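Remarks on the overall topology
As a plain string of letters, each chain reads:
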Amino acid sequence: MSADQTYVIVGASLAGAKAAETLRAEGFEGRLLLVGAEAERPYERPPLSKEYLRGEAGREKVYVHDADFYAEHDIELELGRRVVDLDVSRSELTLDGEERVRYDRLLLTTGAEPRRLPVPGADLEGVLYLRSVEDSDALRERLDRGGALVVVGAGWIGAEVAASARQRGLEVTVLDPLAVPLERVLGGEVGAIYRDVHADHGTRLLMGTGVKAFEGGAAVERVRTSDGRELECDFVVVGVGVEPRTELAAKAGLTLDNGIAVDERLRTSAPGVFAAGDVANAYHPFYGERIRVEHWANALNQGPAAARSMLGGDAPYDRLPYFFSDQYDVGMEYSGFARAWDRVVLRGDPASREFIAFWLAGDRVVAGMNLNVWDVTDPIQSLIRESVAVDDRRLADTDVPLAEVAQPATGPRLRDRAP
Ligand SMILES: Cc1cc2nc3c(=O)[nH]c(=O)nc-3n(C[C@H](O)[C@H](O)[C@H](O)COP(=O)(O)OP(=O)(O)OC[C@H]3O[C@@H](n4cnc5c(N)ncnc54)[C@H](O)[C@@H]3O)c2cc1C
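Everything quoted here is computed from the prediction, not taken from an experiment.

What counts and what doesn't
Residues numbered from 1 in each chain as written. Predicted model: local features only at pLDDT ≥ 70, side-chain atom pairs only at ≥ 80, totals over all residues. Heavy atoms only, no water. Helix = DSSP H or I, 4+ residues; strand = E, 2+ residues; numbered from the N terminus. Rg over C-alpha atoms; globule rule 2.2 N^0.38 Å. Buried < 20%, exposed > 50% of the residue type's maximum accessible area, 1.4 Å probe, protein only. Contact = heavy atoms within 4.5 Å. Areas by Shrake-Rupley, 256 points an atom, 1.4 Å probe, with all protein chains shown as cover. Lys, Arg positive; Asp, Glu negative; His and termini not counted. Charge placed at Lys NZ, Arg CZ, Asp CG, Glu CD. Pairing = 2+ DSSP bridges. Axes fitted to C-alpha atoms, helices over the stretch in contact; angles between N-to-C directions. Near = heavy atom within 4 Å. Polar contact = N/O pair within 3.5 Å; in protein donor to acceptor, adjacent residues only side chain to side chain. Nonpolar A, V, L, I, M, F, W, Y, C, P; charged D, E, K, R; others polar. Expected span 1.5 Å × (residues − 1). pLDDT = per-residue confidence, 0-100. Parallel < 35°, antiparallel > 145°, perpendicular 65-115°, else oblique. Right-handed = clockwise from strand over helix to strand, strands pointing away.

What follows deals with the overall build of the chain. From N to C terminus, the chain includes 10 helices and 26 strands. Relative to a compact globule of 419 residues, whose C-alpha radius of gyration would be 22 Å, the chain shows 23 Å and is just as compact. The dimensions of the chain, computed from C-alpha atoms along their principal axes, are 70 × 65 × 35 Å. Across the 419 residues of the chain, 53% fall into the buried class. The contacts in the chain between residues at least 6 apart in sequence include a share of 61% that link residues at least 24 apart. Taken as a whole, the chain presents about 18,100 Å² of accessible surface, with 45% of it coming from carbon and sulfur. Seen as two clouds, the 49 positive and the 70 negative side-chain charges of the chain have centres 3 Å apart.

Once that is clear, we can look at the pairing of strand E21 (residues 289–292). With 4 bridges connecting them, strand E20 (residues 280–284) and E21 associate as antiparallel partners. Each bridged residue has a counterpart across the sheet, and for asparagine 281 the counterpart in E21 is arginine 292. With antiparallel pairing between neighbouring strands as the criterion, E20 and E21 make up a hairpin whose turn holds 4 residues, including glycine 288 at a positive phi of roughly 70 degrees.

This paragraph deals with the sheet that holds strand E15 (residues 230–232). Ordered by their spatial adjacency, 3 strands build an open sheet running E13-E14-E15, and the pairing between neighbours is antiparallel. Single-partner strands in this sheet number two, and they are strand E13 (211–216) and E15. Strand after strand, the sheet turns through a mean of 25 degrees between neighbouring axes, direction not considered.

As a structural note, the neighbourhood of the ligand is formed by 34 residues, with Ser13, Glu38, Arg45, Lys50 and Arg131 the closest of them. One of the side-chain nitrogen or oxygen atoms of glutamate 38 is found 2.6 Å away from an oxygen atom of the ligand. The separation between an oxygen atom of the ligand and a polar main-chain atom of tryptophan 296 is 3.1 Å. In the complex, 95% of the free accessible area of the ligand, which totals 1,000 Å², lies under the protein chains. Secondary-structure elements contributing two or more residues to the shell around the ligand are helix H1 (14–25), strand E2 (31–36), helix H4 (156–167), helix H7 (296–310) and strand E22 (322–327). In terms of residue class, the shell around the ligand is made up of 15 nonpolar, 9 polar and 10 charged.

Before going further, it helps to examine the sheet that holds strand E3 (residues 75–79). Read from one edge of the open sheet, 5 strands run E3-E2-E1-E7-E19, paired in parallel fashion. A single partner strand is all that each edge strand has here, and the edge strands are E3 and strand E19 (273–275). Averaged over all neighbouring strand pairs, the angle between strand axes comes to 15 degrees, with direction disregarded. Judged from the 5 bridges that link them, E2 and E3 form a sheet pairing that is parallel.

This brings us to H1. In this model, H1 (12 residues) spans 16 Å end to end at C-alpha, consistent with the 16 Å of a helix rising 1.5 Å per residue. Most of H1 is tucked away, with 10 of its 12 residues classed as buried. All of the buried residues in H1 are Leu14, Ala15, Gly16, Ala17, Lys18, Ala19, Ala20, Thr22, Leu23 and Arg24. Packed against the buried residues of H1 are strand E1 (6–10), E2, helix H2 (69–72), E3, strand E7 (105–108) and H7.

Now for the confidence of the model for the chain. Averaged over all residues, the pLDDT of the chain is 96; the fraction at 70 or higher stands at 97%. Low pLDDT (under 50) marks residues 411–419, which in the prediction has 15 contacts with non-local residues, meaning those over four places away or in another chain.

As a further point, take the packing of H4 against helix H5 (residues 183–200). At a minimum axis distance of 12 Å, the contact between H4 and H5 shows a crossing angle of 10 degrees. Classed by the angle they form, the pair H4 and H5 counts as roughly parallel. The segment H4 lies against H5, with Trp156, Ala159, Ala162 and Ala163 engaging Val185, Leu186 and His198. In terms of residue class, the contact of H4 with H5 is made up of 6 nonpolar, 1 polar and no charged.

A separate point is unusual backbone geometry. Within the chain, aspartate 74 stands out as a residue other than glycine whose phi angle is a positive 55 degrees. Turning to its location among the elements, aspartate 74 is positioned in the loop between H2 and E3. Despite not being glycine, aspartate 375 shows a phi value in the positive range, around 60 degrees. Note that aspartate 375 resides in the loop between strand E26 (364–371) and helix H8 (377–386).

Residues in a regular strand project their side chains so that they alternate between the two faces of the sheet. For strand E10 (residues 148–152), the buried fraction is high: 5 of the 5 residues fall into the buried class. Going residue by residue along E10, you find Ala148, Val150 and Val152 tucked away on one face and Leu149 and Val151 tucked away on the opposite face as well. Pairing geometry for E10 and strand E11 (residues 171–176), over 5 bridges, is parallel. Residue pairing in the sheet places valine 151 in a bridge with valine 174 of E11. Handedness of the crossover joining E10 and E11 through H4: right-handed. Pairing between E10 and strand E16 (residues 235–238): 4 bridges, direction parallel. From the neighbouring strand, valine 152 faces E16, where its bridge partner is valine 238.

Right, here's the structure in full:
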């Protein structure tokens, strides 16, 4: 199959490495080039804010494949090399150093990068971001030294870094303009549970405030907040979201829309060019719109799906979004995608830190999160995917198996009783 063809993947991280693996597993026999700007072979990023950052897991734990996997599968792994130009009309790309490569199929898995904070003092030494293994090494070295850390942003990265730093015994302050941590995704009610988890572990939370400036000599010494406080610190971690890396796609004139716009088979607007992972804003048949998912499981599964499309497969990518997070002794998994909801139903007692939260729109579950409760992702995803009407009381009742929640309720519904 296609032995005389060249397939190129730009971005040697999770989505790209899994796509390369799938191309070979599904019988692609042509030339296969995996190009990555980083010096490391493909690795997974979740440990970088968790066990790797805390020094509990070594470098060997983060790699996607063993070192000899690429040679064994005849995958030309070009590390420390950047694709600087892409001409889709000639099916040609330019590697740094002006080397040109013609491709028959191209996959862009260029990922995302941290959004920078445009405030005075942002360039001071000790104002750190976290995306790469080098970033995590630099941060780990700071954690080893101890002291006071200010985390800017109470999203996933900020919350996990704060937890890891507290676990290493540092003095940690987190600030964010929103009212509770993780509010953008979880909303106020469930975000408040995370606020309490952090407070219980001695993390100081300053919510409803932002950064006005970082101040210091050569290195940051304090953070001036928008509500007029001065926070003395030894270093800062900024975690205020990521931006999709679309520079190359933009140069090539591909259709962009909050990332690279792709259809349900992960095809971009240019023939023979595909995109997957954090950078791809993919049409999702279940949601009937494009969504861009910045999470591990999406990169893990969308890379292989794009590979199958490159080989001519016509299956749409329709997995429900899923992600996980670990903070202190609290682990969670979240399934679904909720832009809007009208209430949250809790199954279990949040004070026990073992419960499931469901986000509902009307009488349908649009998202679910299990916190320190395991092996329930399948029934939660079934509730979302089957989109059947559920009864709040049965959903909340831990005596009703999740698989039976969707059965018609016998009594009057809570909502029917509402005045
Ligand atoms: C610290 C951290 C913790 C995380 N924890 C979790 C978690 O707990 N749960 C979860 O679900 N998700 C988590 N994530 C998110 C998850 O890691 C990402 O969704 C995933 O890495 C996306 O993979 P990707 O392959 O799409 O892109 P990326 O991992 O961003 O990789 C893209 C690669 O492309 C390369 N590249 C870009 N442009 C070029 C070019 N022109 N030429 C050559 N190479 C190029 C980049 O250098 C990079 O190596 C975490 C992320 C981080 C940073």
